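Listed below are the residues making up each chain.
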Amino acid sequence: MITHAATAAARDRIAAAFSPELIGRLGHALAETMQAHFQTVNRGEGNVLNWNVPSVNVRLAHEHLSHKPVNVDPARSEFAAEIEDRFRSLVSTILARSNNLHHPHYIGHQVPASSPIAALFDAVGSATNQVMAIYEMGPWASAVERSVVEAVGEQLGMSKGTFAGLITHGGSLANLTGLLTARNVCLAQSWESGVARPGRPPVMIVHADAHYGITRSAGILGLGTHQVIRAPLDHRRRMDPRGLDQLLTEYRDTSTQIVAVAACACATPIGAFDPLPDIVEVCRKHDVWLHVDAAHGGAAAFSDKYGHLVDGLAEADSIVCDAHKMMFVPALCAFVFYRNPAHRFEAFRQDAPYLFDPSTPGETSDFDSGLMTIECTKRAAAYGLWGLWSMFGRQLFADMVDTTFDLGRRFAEMLNAEPDFECLHEPQCNIVVFRYIPDELRDAPPSQIGEFNRQVRRQLIESGEFYIVQTNINGVGALRVTIINPLTTEQHLSELLVALRRVGNSIDQT
Ligand SMILES: Cc1ncc(COP(=O)(O)O)c(C=O)c1O
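Residues numbered from 1 in each chain as written. Predicted model: local features only at pLDDT ≥ 70, side-chain atom pairs only at ≥ 80, totals over all residues. Heavy atoms only, no water.

## A few points about the sheet that holds strand S2 (residues 164–168)
Two strands in a sheet stick together by hydrogen bonds in their backbones, pointing the same way (parallel) or opposite ways (antiparallel). In space, the seven strands of this open sheet follow the order S2-S8-S7-S6-S5-S3-S4, with mixed pairing throughout. Looking along the sheet, the strands with just one partner apiece sit at the ends: S2 and strand S4 (228–231). Looking at each pair of strands side by side, their axes are set apart by 20° on average, direction ignored. With three bridges connecting them, strand S6 (residues 290–293) and strand S7 (residues 318–322) associate as parallel partners. Paired with Asp293 across the two strands is Val320, which belongs to S7. (Pairing = 2+ DSSP bridges. Helix = DSSP H or I, 4+ residues; strand = E, 2+ residues; numbered from the N terminus. Axes fitted to C-alpha atoms, helices over the stretch in contact; angles between N-to-C directions.)

Put into structure tokens, the structure is as follows:
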């Protein structure tokens, strides 16, 4: 006989975890806390990164798990107040130990100070657990996704009704999805029978500075990372169309199958945008699939001033564009677009009778996102973008691109005006790479200058004053910023130069 095991205590705990009154009470507490948090952080008060070594953070996180839980006996009048106290203390702990991306001294990786208002829409999706896979599980989430796919696709230059797209969990997964589609189209039957072929193994030709996720995709797709061929770059680290043409000719002459050319708009290291119209022409000439990783720079299409950087993008066979980068919404919300809408069903061919219902009426099955994405359950990732766009209009996205791209270019001018700083390129967008070279190091070997810059950065970020990142240019360490907080100003960048000099002075270079 099956007995009903729930005790009164279990019922009380479950009731508390789902209590509408508590949701209201804690929601108010959260709103108050977040308002106070952004009032100080947006003004640049306090630390950017709250640095602690991982073992310290993990120990503290564990301590919270082993605290005595709040006694949820509903008969006790102080119960709700105790829950609220505990909630406030947990939220404060999270905020006190995080990286404050909204601090205007955060100019680090390509992860934005996202609009917190967009997060409120995400919270609605999260609180009600709206997911997709099949339309009927998330009818509104699916409709919202389709509406932003259409709106962003048209913004990128594709014509209404002629293309298809989807949203997935991040640029890496988006690149993998686009390249999987290219593989399945180029190597017929590879989904069913694998990629082994008689003759020379197929290749993928990529921008030499492509994000590591592109090469990783080649490994995952069974092509092999050794089959990734790096296309030559020009003096501004953009893919060189003539070099690409030669490379494609050589591979065609040896009857090697070319799964795709993967270009960038823009490439991660210094934000170089490939000359897409020329690359489109070369790929068309050789009849090769063109995939463009526009995870960072696709949003330039919103801007009248910078839209020219992505001219030709709409002619690619597959395009990746991350809203959680330059559309300033919280992670993760990444688009994959296909110029030919039929290609949206080429990546995955699955039979799952427990999920996909062959009797679904007409158009609804076209909204079953699980047929087009790696995810089965997929969060309502478009709510933030849809909410922001619906309230503020598309001009907001243009404003944020213009503000941050303008400041990137201005920062290069500021660096070039200082004798002890060296800007390593002419920035096309908001990614700027440079070195600090004090007088004493002017004649030092490049490796010493690179190492010095790494040390300066490490000390600076651990102090909490700024968050910037490091990279290697031609094998030598360098500093890198992405101005991806629209609240950062020229004044903050002047403060960065002062801080770098101060930290540099404190480092013993002997
Ligand atoms: C050009 C480019 N593509 C792809 C990615 C990966 O995107 P995600 O971090 O969303 O997976 C990045 C990350 O910065 C990138 O710069």
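## A closer look at the site of the ligand
Not every one of the 13 residues close to the ligand is listed here, only the nearest: Gly171, Ser172, Thr268, Asp293 and His324. Between the ligand and the protein, one listed contact pairs an oxygen atom with a backbone N or O atom of Gly171 at 2.8 Å. Here Asp322 contributes a side-chain N or O atom positioned 3.1 Å from an oxygen atom of the ligand. About the coverage of the ligand: the protein hides 83% of its 390 Å² of free accessible area. Sorting the residues of the shell around the ligand by element identifies helix H7 (171–186) and helix H12 (323–326) as the ones contributing at least two each. If one sorts the elements of the shell around the ligand by residue count, H7 sits on top with three residues. Looking at the shell around the ligand, its residues break down into two nonpolar, eight polar and three charged. (Near = heavy atom within 4 Å. Polar contact = N/O pair within 3.5 Å; in protein donor to acceptor, adjacent residues only side chain to side chain. Areas by Shrake-Rupley, 256 points an atom, 1.4 Å probe, with all protein chains shown as cover. Nonpolar A, V, L, I, M, F, W, Y, C, P; charged D, E, K, R; others polar.)

## Focus on the domain arrangement of the protein chain
Assigned domains within the protein chain: domain 1 (20–100), domain 2 (122–393) and domain 3 (396–505). Between the C-alpha centres of domain 1 and domain 2 the distance comes to 38 Å. (Domains from an automatic or database assignment.)

## A word on unusual backbone geometry
Cis rather than trans, the peptide bond between Ala265 and Cys266 has omega equal to 5°. In this structure, Cys266 sits in the loop between strand S5 (258–264) and helix H11 (276–286). Cis geometry marks the peptide bond from Ala331 to Leu332, where omega comes out at -5°. Positioned with a positive phi, Asn129 is a non-glycine residue whose angle comes to about 50°. By the secondary structure assignment, Asn129 is in the loop between helix H5 (116–127) and strand S1 (131–132). Its relative accessible area of 56% is what places Asn129 among the exposed residues. One non-glycine residue with positive phi stands out, namely Asp287, at about 55°. Checked against the element boundaries, Asp287 lands in the loop between H11 and S6. (Buried < 20%, exposed > 50% of the residue type's maximum accessible area, 1.4 Å probe, protein only.)

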